[in-house]
Each structure stands twice: as structure tokens, then as C-alpha cells.
Amino acid sequence: MGLGGRREINVNSGLTIHNHLVMVLDMPSAADNLFKALSDPTRRAIFERLTRDGGLTVHALTACAGVSQPMVSKHLSALKRARLVRNRRRGRETHYQARPESLAPLVDWIGDYGVFWQGRFDRLEDLLNRMDK
Amino acid sequence: MTTSEEVTRSVVVERELAHPPEKVWRALTDSSLMEQWLMKNDFQPVAGREFKLRREPMPNWDGVIDCQVRAVDFCKTLSYTWGTLGLETVVTWTLTPTAAGTHLRMEQSGFGPDREANYKGARYGWKSNMDGLERVLEQIQS
């Protein structure tokens, strides 16, 4: 299973960048929830465990999380708000699954760094050309 | 299955430069030259040395990137940490001599929800916008 939602950014197209910028501005709350959810090491551990093993119950997650079951439930709620996990009831137990495609805003951020460095490379090359003289 | 290794991402930018590695190295490691293409800085090419890159302060960000030199291999490799907005990544420059000059490669690695990273979500949107906006402004100016 790969990382969903990855977008290529054409750094030579002003239109693409403009659209990208508008899109990022439109989704601050989704990005905030995502980064807040990932800011806690226990939540990251739970998310990583779910990406590896999938379909786990609160009981199974509590066994390896090192915190109490109510805390695991609280962390799962935060991960759900960030849409990093989804849950499904099966009989008496709820199973949680990772949604790695929700990491898209993080990948967008990386894409912006790609744009940043392309710009710096341009400036570096300009400088090198000036240094000739 | 997705593993934490797969979630961690790098940014790689490569370019063929019509200039010899010695000259490219100078632009990458001389503090006053770095300021002309990267940012204001107090960089010194000494492994272990901490330095700061500075941009104009803006709302919610003092404009400072905290860095530490990791490796300096004259005219071949330069590597430093890049810490800003709660996320530390590593920037590595690799110079390879070519017939025409230098193949320059920049890799910024360590993006991802790994154990070391400590994301500060509230600032994320702004940071993201700024870099995109800067590029747009640069295009308008040119």
C-alpha cells in the first residue's frame, strides 16, 4: 500500500503553483489536525502500528502502546479527527485501520520545499555566472 | 504495507552546472556568497559547528532556521541539519565533476512522522504558503 494523494508539482508553471497555493489556503484545518495528531509520539506509534498491521482493536493496541486503554481511545479519537484512521464495528469489537492517504498535506509541504530549492538553485546559478566576471 | 521508512520522504534537486566544483564549493560554503543565493547566515564549514540561516521575521515565525554542520568533504560533500518549525531535516550537497563542470545534487531528507520529528501543526499552513508564495513573487519579478 503506497502513500496516497501525492501530487507532482510542475515548478515551471506559474498556473500550477497558483492553484496549489489556493488549495493549501483552503485546507488549513485539515493540515492543522494532521500535524497536531502526529505531534504526539504515542499517537505516531499507534498510527505506525496500524499502517503495519492494520485492522486492530483498542485491546490489541493497548497491549503494545504502554498507556491505558482510555488513553489509547483518546489518541484514536485525535487520529480519527485528522482522518489518519477509520474504524469499523465487527460484532462487539471496533477495529481500527490506518488511512495513509491522509498524509497528503505533509507531502504537499515537501512539494513546497521542492519549489523552494528549485528557486535557490536558480539563484545559485545566477551567482556562479556573476562570479565569472 | 506502508512502513515508517516509506512514509519518510526526501526532496532531491539536481542540476548540471557549467562551473568547476571548486567554484561551486565556494558558493556553497562561503558565508557572504551563501547570503546572495540562500539566506543570511553565520555559516562556517566546520563539522559540528552550529549556525543559523535567517529570513525576514514574519507572523508566527522568527525567520530562523537552526542548523548544524554534519560533514564537510572539500569539493565533494557538504551536509547540515535544517531545523525549523519543529521539524529537523538534513540537507546534503553532493558535487560530482563532469566534462562540462559540475553535477550538483541537493537532498533534503527526514520528512515524515518518524520518532525524531516533532510537528507543530498550527504553523504548518503558514510555512507552506510562504514558500509557495515566495516562488510566485519571484516569478512576478522576473
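Here, every reference points to the structure presented above.
Reading guide: rules and limits
Residues numbered from 1 in each chain as written. Chains lettered and ligands numbered in written order. Predicted model: local features only at pLDDT ≥ 70, side-chain atom pairs only at ≥ 80, totals over all residues. Helix = DSSP H or I, 4+ residues; strand = E, 2+ residues; numbered from the N terminus. Buried ≥ 20, exposed ≤ 12 C-beta atoms within 10 Å, placed from the backbone. Contact = placed C-beta atoms within 7 Å. Core = buried A, V, L, I, M, F, W, Y, C linked by C-beta atoms within 7 Å. Arc of directions from axis to C-beta. Pairing = 2+ DSSP bridges.

Some thoughts on the overall build of chain A
Phase 1: Counting its regular elements, chain A contains six helices and three strands.
Phase 2: Along the chain direction, N to C, the helices and strands of chain A fall in the order α-α-α-β-α-α-β-β-α.
Phase 3: Taken across its 133 residues, chain A has 29% of its residues classed as buried.
Phase 4: Of all intrachain contacts in chain A linking residues separated by at least 6 positions in sequence, the fraction that spans at least 24 positions is 61%.

Overview of the nonpolar core
Phase 1: With 17 residues, the main nonpolar core has Ile-46, Leu-50, Leu-79, Leu-84 and Val-85 of chain A as its most contacted residues.
Phase 2: Secondary-structure elements contributing two or more residues to this core are helix H2 (28-38), helix H3 (41-53), helix H5 (69-81) and strand S3 (93-98) of chain A.
Phase 3: Top contributing element to this core by residue count: H2 of chain A, with four residues.
Phase 4: Excluding residues that lie within four positions of it along the chain, Ile-46 of chain A makes contacts with Leu-61, Ala-65, Val-72, His-75, Leu-76 and Leu-79 of chain A.
Phase 5: In this structure, Leu-128 of chain A together with Trp-25, Ala-27 and Leu-28 of chain B belong to the second largest nonpolar core, which totals 10 residues.

Examining helix H2 (residues 21-29) of chain B
Phase 1: Within H2 of chain B, burial applies to Pro-21, Val-24, Trp-25, Ala-27 and Leu-28 of chain B. Angular distribution of buried residues about the axis of H2 of chain B spans 160°; they occupy a single face of the element.

Brief notes about the sheet that holds strand S2 (residues 85-90) of chain A
Residues and elements named next belong to chain A.
Phase 1: Overall, antiparallel pairing links the three strands, which are arranged S1-S3-S2 in an open sheet. Each edge of the open sheet carries a strand with a single partner, namely strand S1 (56-57) and S2.
Phase 2: Alignment of S2 against S3, held across six bridges, turns out to be antiparallel. By the bridge assignment, Val-85 is partnered in S3 with Ala-98.

As for the pairing of strand S5 (residues 77-84) of chain B
The side chains of a regular strand alternate, first on one face of the sheet and then on the other.
Residue and element names in this part refer to chain B.
Phase 1: With seven bridges joining them, strand S4 (residues 64-73) and S5 adopt antiparallel strand pairing. Bridge pairing in S5 places Asp-66 opposite Gly-83.
Phase 2: As consecutive antiparallel partners, S4 and S5 are separated by three residues, and within that stretch Cys-75 has a phi angle of approximately 65°, a positive value.
Phase 3: Across eight bridges, the pairing between S5 and strand S6 (residues 87-97) is antiparallel. Paired with Leu-78 across the strands is Trp-93, a residue of S6.

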